[in-house]
Amino acid sequence: MADEISLASDLKESLERTKWTECGVCGFLIGRVWRGHVNVLNVWVDPSSDANSQICCKDLKDNLTACQDHLSGGMDIVGVVVVTKALKKSSPEEYLDTLPPEVQVAVSGPLFVVCHIQMKAPQKQSLVAFCHYSVEEKSLERVTERPVVEGFDEETVIFRLQACFPMQLQLDNSQPTVIEAWESKMTKAFSNIETSVSSGGYTYRFRDTLLFLSENSVIGSKGKMSSVQHLYEAVTSDVEGSGSKKSSFSRKPPLMVDLYQQVSGEMDHFAKPTCAPAVHQRTGSFRFLHLVLPVDAVVEVDRQERVGALHQLFHRAIVSQLRAMQHCLHHHQSQENEFYTPEPFHFSIPQRHTCVTVIYPRGISDIMLGSRRKCLHQKMCLGLDRPMFRRGNARLFPGQLVAGGYLINPHIGLPPSRVSGGTPHLVQGNYTYHHYMQDRFDDDKWGCAYRSLQTLVSWFRLQGYTDQPIPSHREIQKALVVVGDKEPSFVGSKKWIGSFEVSYCLDNMIGVTSKFLNVSAGADLASKGRELAMHFDTEGTPIMIGGGVLAHTILGVDYSETSGDIKFLILDPHYTGGEDLHTVQKEGWCGWKGPEFWNPTAHYNLCMPGRPAGF
């Protein structure tokens, strides 16, 4: 084990600001052992007791189960969080010696990471130290923390497993304890599904190929396939339109994997029965429940990992998600014994290089799930100032399309701006690219500000702040009439709008307020680097800029505090082509622009939307 570990960039600070109330093993460290090096990427802790939450846990075993429900494939529990009081003579070893067997098994390896936190006096910050704990020697050794190494994400191959499992239950309504009976039947049904998956009667097929993953090999491959990289190249070479293999893995679409059940081979469907069939009939009042469980599991693997390890990783990911779905069904059973189909959603936490899976019940709104989301934030030491786990925040994988087929985050994959000594400050989260001639609507030469507004609204939709659809040009014009900015004759016209109209629409349509930055001449925009960098670091929203007869969207700046040099990341709504990312990036419709991009004599207004508070 190395004498250092890698930490996600915000992890230590997040643990330090958490308010701890009790001593002992209070949580788990989540991460990956990447090429022999431990990367601690996320946490799952229980800093305080909250009886109102569905996932706040009574003891360490429950906490472990809840943590495992949210792990994506390839992620493991690599350590524990131990809290002691600075004013008492206690040590982490006292608590580590009493870890339950289930926890000892869950934490990987004879050496694991310990985050030791000492509580000081009330209202004071805790101290955080990271150590390696030797199970055999029962000793702690302090280690050095460093940031997660550059290239960690780029060397990861993402697999996405999808399958549907039907579940059918029948219950006699005459039973006095209906809820308990349902839970018993459901537990048995899930156990049967899990046993079936574990029986070896299933195999994995890489979608749109003839490659199958068995327990020991890849069936259908033409050559040697020892590493995940070899598999990746074989799969993408069989899939039409896979793109250049030189791009980083993190910018590639995930490899889609389907689960197939074996119905031939050793199974003899024509064997004679060993006994005569018997039919049993029972009359009475029964209730029948039929659910289809939509398993959707993500597995993230180092490209140098052995192919032989994939089968077990896939199996663990599916079984883990089935158990999480069972917990979801138990928690969200209504008083009328109604059951809500559990649906998996995947979320990326900024700066933590990891994917979190959450199972939500279909048919229950985000508003009703607020307490659960709050507890998830607390468990992972995340602030409550912005949402991470609303359905609208769900991770958008490269190549995934949203309704309408719009390009998502076209700035991803662009080469760096090459500002000497510069620091990039970029839009935070997802958005869709809206431009001229989309939606079979001709707005060439007049609709650029409308399209920029649509991009801004898409950002708030995809961050979960609103479920309002992307407004059409006519709906935008109607909104401006409603707020009193335009006359009724404006609706249906081809008249331009500017940054102030954009702010009125954001306020009227989705309740978002905006700040303005006014620049009397385009030549002065180069001096606004500090203000723009601050906006992207704190608010993270795209900016609409209007000047002269043109409107654009600013997605970020690369700014040097020392020299004042700056480049702007521009999304240009004047593009009239199709949704081709290669063309958009190569021809500069989304790209870095220097100060000369702006008209030096034109007056510019920048609409800078604020991010609503709340989780």
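Residues numbered from 1 in each chain as written. Predicted model: local features only at pLDDT ≥ 70, side-chain atom pairs only at ≥ 80, totals over all residues. Heavy atoms only, no water.

J.: Mind laying out the overall build of the chain, listing which residues take part and the relevant values?
T.: Tallying secondary structure elements over the chain gives 13 helices and 23 strands in all. Every one of the 615 residues in the chain was classed for burial, and the buried ones make up 51%. Contacts spanning at least 24 positions in sequence make up 71% of the contacts within the chain whose residues lie at least 6 apart. About 29,900 Å² of surface is accessible on the chain, with carbon and sulfur atoms providing 50% of the total. (Helix = DSSP H or I, 4+ residues; strand = E, 2+ residues; numbered from the N terminus. Buried < 20%, exposed > 50% of the residue type's maximum accessible area, 1.4 Å probe, protein only. Contact = heavy atoms within 4.5 Å. Areas by Shrake-Rupley, 256 points an atom, 1.4 Å probe, with all protein chains shown as cover.)

J.: Residues and numbers for the confidence of the model for the chain, please.
T.: On average, residues of the chain score 87 in pLDDT, and 89% of them are at 70 or above. Per-residue pLDDT stays below 50 along residues 49-54; that stretch engages in seven contacts with residues further than four places along the chain or on separate chains. Low confidence marks residues 241-247, where pLDDT is under 50. Its contacts with residues over four positions away, or in another chain, come to nine contacts. (pLDDT = per-residue confidence, 0-100.)

J.: How would you summarise the sheet that holds strand β7 (residues 139-142) if you had to cite specific residues and measurements?
T.: Sheet architecture is open: eight strands sit in the order β7-β6-β5-β4-β2-β3-β1-β8, paired in mixed fashion. If you trace the sheet from one side to the other, it starts and ends with β7 and β8 (144-147), each paired once. On average, each strand axis in the sheet is inclined to that of its neighbour by 40°, with strand direction left out of account. Here strand β4 (residues 76-85) runs beside strand β5 (residues 111-119); their pairing, made up of seven bridges, is parallel. (Pairing = 2+ DSSP bridges. Axes fitted to C-alpha atoms, helices over the stretch in contact; angles between N-to-C directions.)

J.: Could you give an account of the nonpolar core, naming the residues involved and the relevant values?
T.: The biggest cluster of nonpolar side chains holds 50 residues, and the ones touching the most others in it are F159, F165 and F314. Sorting the residues of this core by element identifies β9 (156-172), α5 (178-198), β10 (202-206), α6 (228-238), β13 (255-261), β14 (286-302) and α7 (310-331) as the ones contributing at least two each. For this core, the element with the most residues is α7, which contributes 10 residues. Non-local contacts of F165, meaning those with residues more than four positions away in its chain, are made with I193, V197, Y202, L259, L291, V292, L293, V295, I318 and L322. Grouped together as the second largest cluster of nonpolar side chains are 38 residues, L60, I77, V114 and L382 included. (Core = buried A, V, L, I, M, F, W, Y, C linked by side-chain atoms within 4.5 Å.)

J.: For the environment of L60, give the residues involved together with the corresponding values.
T.: By the secondary structure assignment, L60 is in helix α2 (residues 60-69). Separated by 32 residues in sequence, L60 and F28 place their C-alpha atoms 9.7 Å apart. Not counting chain neighbours up to four residues away, the residues in contact with L60 comprise V25, F28, L99, P100 and V103.

J.: Kindly report on the pattern of salt bridges, identifying the contributing residues and their values.
T.: Within the structure shown, the criterion is met by 23 salt bridges. The shortest N-O distance in the salt bridge between E145 and K12 comes to 3.0 Å. In this pair, E145 is assigned in strand β8 and K12 in helix α1 (residues 11-17), connecting sequence segments 133 residues apart. According to the relative accessible area criterion, E145 is partly exposed, its value standing at 23%. In this structure, the salt-bridge partner of R362 is E343, at a minimum N-O distance of 2.8 Å. Separated by 19 residues along the polypeptide, R362 in the loop between β16 (355-361) and α8 (370-379) and E343 in strand β15 (residues 342-348) bring together distant segments of the chain. (Salt bridge = Lys/Arg side-chain N within 4 Å of Asp/Glu carboxyl O.)

J.: Just give me the short version of the pairing of strand β20 (residues 550-559), but keep the residues and values in it.
T.: Most of β20 sits out of view: nine of its 10 residues are buried. As defined by bridge partners, strand β17 (residues 423-426) adjoins β20 across four bridges and the pair is classed as antiparallel. Within β20, the position partnered with T423 by the bridge is Y559. Connecting the antiparallel pair strand β19 (residues 543-547) and β20 is a turn made up of two residues, with G548 showing a positive phi of about 65°. In terms of strand pairing, β20 meets strand β21 (residues 566-571) through six bridges, oriented antiparallel. The residue of β21 that forms the bridge with V557 is F568. Remark: six residues form the turn of the hairpin made by β20 and β21, two consecutive strands paired antiparallel; G564 in that turn has positive phi of roughly 85°.

J.: Describe in detail the pairing of strand β1 (residues 4-7), supporting the description with residues and values.
T.: Looking at chain direction, β1 and β8 are connected through four bridges and run parallel. Paired with E4 across the bridge in β8 is T144. Where β1 and strand β3 (residues 37-45) come together, two bridges link them in parallel fashion. Residue pairing across strands places S6 opposite N39, the latter belonging to β3.

J.: I'd love a proper account of the packing of aromatic side chains, names of residues and values included.
T.: Applying the stated criterion across every chain, the model contains 20 aromatic pairs. Ring centres of Y204 and F314 lie 5.2 Å apart, and the angle between their planes is 75°; on these two criteria the pair is classed as edge-to-face. Of the two residues, Y204 sits in strand β10 while F314 sits in helix α7, which places them 110 residues apart along the sequence. Judged by relative accessible area, which is 3%, Y204 ranks as buried. On the basis of an interplanar angle of 85° and a centroid distance of 5.5 Å, the ring pair of F568 and W598 is categorised as edge-to-face. (Phe/Tyr/Trp six-rings, centres within 6.5 Å; stacked < 30°, edge-to-face > 60°.)

J.: Residues and numbers for the side chain of N430, please.
T.: Along the chain, N430 falls in the loop between β17 and α9 (448-462). A residue is classified by how much of its surface remains accessible, and N430, at 13% relative accessible area, is buried. A distance of 2.7 Å separates the side chain of N430 from the side chain of N409, its partner in a polar contact. In this view, N430 contacts A394, L396, N409, S458, W459, L462 and Q463; residues no more than four positions away in its chain are not counted. (Polar contact = N/O pair within 3.5 Å; in protein donor to acceptor, adjacent residues only side chain to side chain.)

J.: Got a sec to walk through the packing of helix α10 (residues 473-482) against helix α11 (residues 499-510)? Specific residues and values, please.
T.: One can describe the packing of α10 onto α11 by two numbers: an axis separation of 9 Å at closest approach and a directional angle of 85°. When the axes of α10 and α11 are compared, the pair comes out roughly perpendicular. Residues E475, I476, A479, L480 and V482 of α10 touch α11, and the partners they reach there are E501, Y504, C505, N508 and M509. A class-by-class count of the residues in the contact of α10 with α11 yields seven nonpolar, one polar and two charged. (Parallel < 35°, antiparallel > 145°, perpendicular 65-115°, else oblique. Nonpolar A, V, L, I, M, F, W, Y, C, P; charged D, E, K, R; others polar.)

J.: Account for the environment of G540, with residues named and values stated.
T.: Residue position: G540 is located in the loop between α12 (529-538) and β19. Taking C-alpha positions, G540 is 9.9 Å from W459, a pair spaced 81 residues apart along the chain.

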